[in-house]
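Structural overview
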Amino acid sequence: MVSLCKRSAHLTPALLAGPLAEISCGSKRPAVASFDKAGSVNSHSTHLEKTVALPAEASVDSPETSVNSPEATAPSSPKVTFYRRELPEELVSFTSADGRKLFKESLNSGYAEGYFNLAGNFTVQSEPAYCGPSSLAMVLNALEVDPGRRWKGVWRWYSDELLESCRTESDLKANGITFDQFLCLASSHAQVIAKRGTTASREEFVRDIKYVTQRDDVFMVLSFARAAMGQTGDGHFSPIGAFHEGSNQALVLDSARYKYPSWFGDVDRLYDSLQPVDPETNLPRGYFLISRRDSRLDLSLLASPNVDRDSKDSSGIVDLPERPADVFPTTLSCGKKSSCCSAKKL
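Residues numbered from 1 in each chain as written. Predicted model: local features only at pLDDT ≥ 70, side-chain atom pairs only at ≥ 80, totals over all residues. Heavy atoms only, no water.

**Considering the environment of Ser300**
We apply this condition: Only DSSP runs of H or I with at least four residues qualify as helices, and only runs of E with at least two residues qualify as strands; both kinds are numbered from the N terminus onward. Exposure categories follow from relative accessible area, calculated using a 1.4 Å probe and restricted to protein chains: below 20% of the type maximum is buried, above 50% is exposed, and the middle band is partly exposed.
Along the chain, Ser300 falls in the loop between β15 (286-291) and β16 (316-318). Assessed through its relative accessible area of 30%, Ser300 is described here as partly exposed. Along the chain, Ser300 and Gln191 lie 109 residues apart, while their C-alpha atoms are 9.5 Å from each other.

Here you go:
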């Protein structure tokens, strides 16, 4: 079973004889490199920019380790490392000349009002599978929500390692969180609306992007399939920072900055990237609208019309001022009721 943020199998001497499994947020894609018996790297993808190869003395045919030995299955550090990925041609890097032009025009058109709040609190995820908690921490800090809990020293602050949802720390590091678990976790700290890709129309998605990018008191976090955007990996979470109306592109502030830069992508393709089913939950991905609980903004006005809230794949307002255990009418994919997150409330 694979969650939205999935960490691929550890690289062991036995596995290194086959294709390389990339360790990244949502990674489930097949190999981008393999090894010959001398330990050199054979690239199979233009996305592979730079690697550090397995040393020759650590041959995959080492007699000390067999496939059936404990060492062959025990977790180990990757023998090959990567420095970023090449952004697909159809996406525009935020820092490129074209990306800067798109951003300036977005800002001048009033569709980047919340960008500076997000940029001032941008957080690179601290673990390969932490894209969900990292995106949420970024948004909560941008909204200036007081976590009510000490971060370090005398300071209260949100960081992704403090947002563990109903999964244990080890499970979260290995598997990330699903759409439902992100909603459960976010609802413990803010006012939230969640919309599955199959319940929100394409027009509604564009309307919501325009709405949030014209304000600095509500933000959108996408839960999308990277493959649909031509990227490596599987599911991923990241917030939206701006919208360019002329080209119909949105700025995705990628939380896995070590892998891809922030980028502008076509909104229609982004909508399509919400549709693929997460193998762990058998439900599509989607997006979230998040604001402060004490905000005068009523997010229920943005809820999808004619949606059955009692269905497992519904969208709707989730507001938890006093009763976090009463949010969901259904059981989450983690197998628990929403009370699992109230216990983690900061």
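**Considering the pattern of salt bridges**
Stated formally: Any carboxyl oxygen of Asp or Glu that lies within 4 Å of a side-chain nitrogen of Lys or Arg is treated as forming a salt bridge with it.
For the structure shown, the criterion picks out 15 salt bridges. Close ionic contact of Asp180 with Arg196 constitutes a salt bridge, the shortest N to O distance being 2.9 Å. With Asp180 in helix α6 (residues 179-187) and Arg196 in strand β8 (residues 191-196), this residue pair connects regions lying 16 residues apart in the sequence. Exposure remark for Asp180: the relative accessible area of 6% places this residue in the buried category. Among the salt bridges present, the one from Arg207 reaches Asp208, with a minimum N-O distance of 3.2 Å.

**Overview of the pairing of β8**
In plain terms, the rule: The rule for pairing is simple: two strands pair if DSSP sees at least two bridges between them.
By the criterion of burial, β8 is predominantly enclosed, with six of the six residues buried. In β8, alternate side chains face the same way, and those of Gln191, Ile193 and Lys195 on one face and Val192, Ala194 and Arg196 on the other are all buried. Pairing of β8 with β15 involves six bridges; the strand directions are antiparallel. Paired with Lys195 across the two strands is Tyr287, which belongs to β15.

**Some thoughts on the packing of aromatic side chains**
Cut-off, in case you're wondering: Two rings from Phe, Tyr or Trp (for Trp, the six-membered ring) form a pair when their centres are within 6.5 Å of each other. A pair whose planes differ by under 30 degrees is stacked, one over 60 is edge-to-face, and the rest are tilted. Either the NZ atom of lysine or the CZ atom of arginine qualifies as a charge over a ring when it sits within 6 Å of the ring centre and within 35 degrees of the ring normal.
Applying the stated criterion to the full structure yields 14 aromatic pairs. Note on Phe103 and Phe116: the rings are 6.3 Å apart at their centroids and 75° apart in plane angle, and the pair reads as edge-to-face. Here Phe103 is found in helix α2 (residues 97-108), whereas its partner Phe116 is found in helix α3 (residues 115-119), with 13 residues between them in sequence. Overall, the relative accessible area of 11% leaves Phe103 in the buried class. Through a chain of ring-to-ring contacts, three or more aromatic side chains come together here, namely Phe94, Phe103, Tyr115, Phe116 and Phe264. The side chain of Arg85 reaches across the aromatic face of Phe82, ending 4.5 Å from its centre. The ring of Phe122 has Arg257 sitting right over it, with the charged end atom 3.9 Å from the ring centre.

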